[in-house]
Amino acid sequence: MDDTGTFFGLPLHPLLVHAVVVLVPLVVLALLFAQFWPAARHRLGLVTPLAALAVAVLVPVTITAGQALASVVGPLPSVLEHERYGRMLLPWSVGLFLVATAQWGWFRWEVAALRQAGRQRAAMIGSLLLGVAVIAVAAGNVTVLVLTGHSGSRSVWGSVMP
């Protein structure tokens, strides 16, 4: 492995994975809290979309580091399965960022503007549709993250732990 795939002699991929594994569930929780708990929404503010942006940037960097590690390890079936799941996380992480940004903008400007214009029904329907998108992107991210992590763990520890 070349120097771009290591950090102080350690493969960069497992180090980056830890950041993704911590950040994705935190952003998902923040997204859900912001959608369904107005007090949390006001406290979180711009933190949720910024953290989602960090996830959307970290996931492709982690995938690239994983490709560097995979080139050293070789095309083992368990590594290929892990890589397949890891690639599935990329569109979900972008979706997480897009929904978090839309949610922030919606509650910051649109809901108040619609209510002020007397369009309470439009505000309610928009919030409901956004809630569906939040739940979908939250479930998708967590599901793919668990599948990716499980396949990676089995790839590393499967021969040691039955």
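Everything discussed here concerns the structure shown above.
What you see is a predicted model; the values in this text were computed from it and never measured.

A. Looking closely at the overall build of the protein chain. From N to C terminus, the protein chain includes five helices and two strands. In the protein chain, the order of α-helices and β-strands from amino to carboxyl end is β-β-α-α-α-α-α. The C-alpha extent of the protein chain, read off along each of the three principal axes, is 60 × 30 × 20 Å. Across the 162 residues in the protein chain, those meeting the buried criterion constitute 35%. Considering only contacts within the protein chain whose residues lie at least 6 apart along the sequence, 77% involve residues at least 24 apart. Across the protein chain, the centroid of the 9 positively charged side chains sits 24 Å from that of the 5 negatively charged ones.

B. Representation of the nonpolar core. Membership of the largest hydrophobic core comes to 27 residues, with the highest contact counts inside it found for Val 20, Leu 31 and Leu 96. Listing elements by their share of this core, those giving two or more residues are helix H1 (12-36), helix H3 (47-73), helix H4 (77-116) and helix H5 (120-157). Considering every element that reaches this core, the biggest residue donor is H4, with eight residues. When sequence neighbours within four positions are dropped, the list of residues in contact with Val 20 reads Pro 25, Leu 58, Val 59, Thr 62, Leu 89 and Leu 145.

C. How the structure looks around the packing of aromatic side chains. Scanning the model with the defined rule gives two aromatic pairs in all. Judged by centre distance (5.1 Å) and plane angle (80°), the rings of Trp 104 and Trp 109 are edge-to-face. Looking at Trp 104, the relative accessible area reads 24%, which means it is partly exposed. Positioned above the aromatic ring of Phe 107, the side-chain terminus of Arg 41 is 3.7 Å from the ring centre. Of note, Arg 84 hangs over the ring of Tyr 85, and the distance from its end group to the ring centre comes to 4.7 Å.

D. How the structure looks around a nonpolar patch on the surface. Nonpolar side chains collect at one region of the surface, where Val 22, Leu 26, Leu 29, Phe 33 and Trp 37 lie side by side and expose about 510 Å² of accessible area between them. For Leu 26, the location among the structural elements is in helix H1. For Leu 26, a relative accessible area of 48% translates into the label partly exposed.

E. Summary view of the environment of Val 144. Among the structural elements, Val 144 can be located in helix H5. In the structure, Val 144 is positioned 59 residues away from Tyr 85 in sequence and 6.7 Å away in space, judged by C-alpha atoms. Beyond its immediate stretch of four places on either side in the chain, Val 144 contacts Tyr 85, Met 88, Leu 89 and Trp 92.

Criteria and thresholds
Residues numbered from 1 in each chain as written. Predicted model: local features only at pLDDT ≥ 70, side-chain atom pairs only at ≥ 80, totals over all residues. Heavy atoms only, no water. Helix = DSSP H or I, 4+ residues; strand = E, 2+ residues; numbered from the N terminus. Buried < 20%, exposed > 50% of the residue type's maximum accessible area, 1.4 Å probe, protein only. Contact = heavy atoms within 4.5 Å. Lys, Arg positive; Asp, Glu negative; His and termini not counted. Charge placed at Lys NZ, Arg CZ, Asp CG, Glu CD. Core = buried A, V, L, I, M, F, W, Y, C linked by side-chain atoms within 4.5 Å. Phe/Tyr/Trp six-rings, centres within 6.5 Å; stacked < 30°, edge-to-face > 60°. Lys NZ or Arg CZ within 6 Å of the ring centre and 35° of its normal. Patch = residues over 30% accessible without salt bridge, like charges linked within 9 Å, V, L, I, M, F, W, Y side chains within 5 Å. Areas by Shrake-Rupley, 256 points an atom, 1.4 Å probe, with all protein chains shown as cover. Salt bridge = Lys/Arg side-chain N within 4 Å of Asp/Glu carboxyl O.

Just geometry here; none of it tells us what the structure is for.
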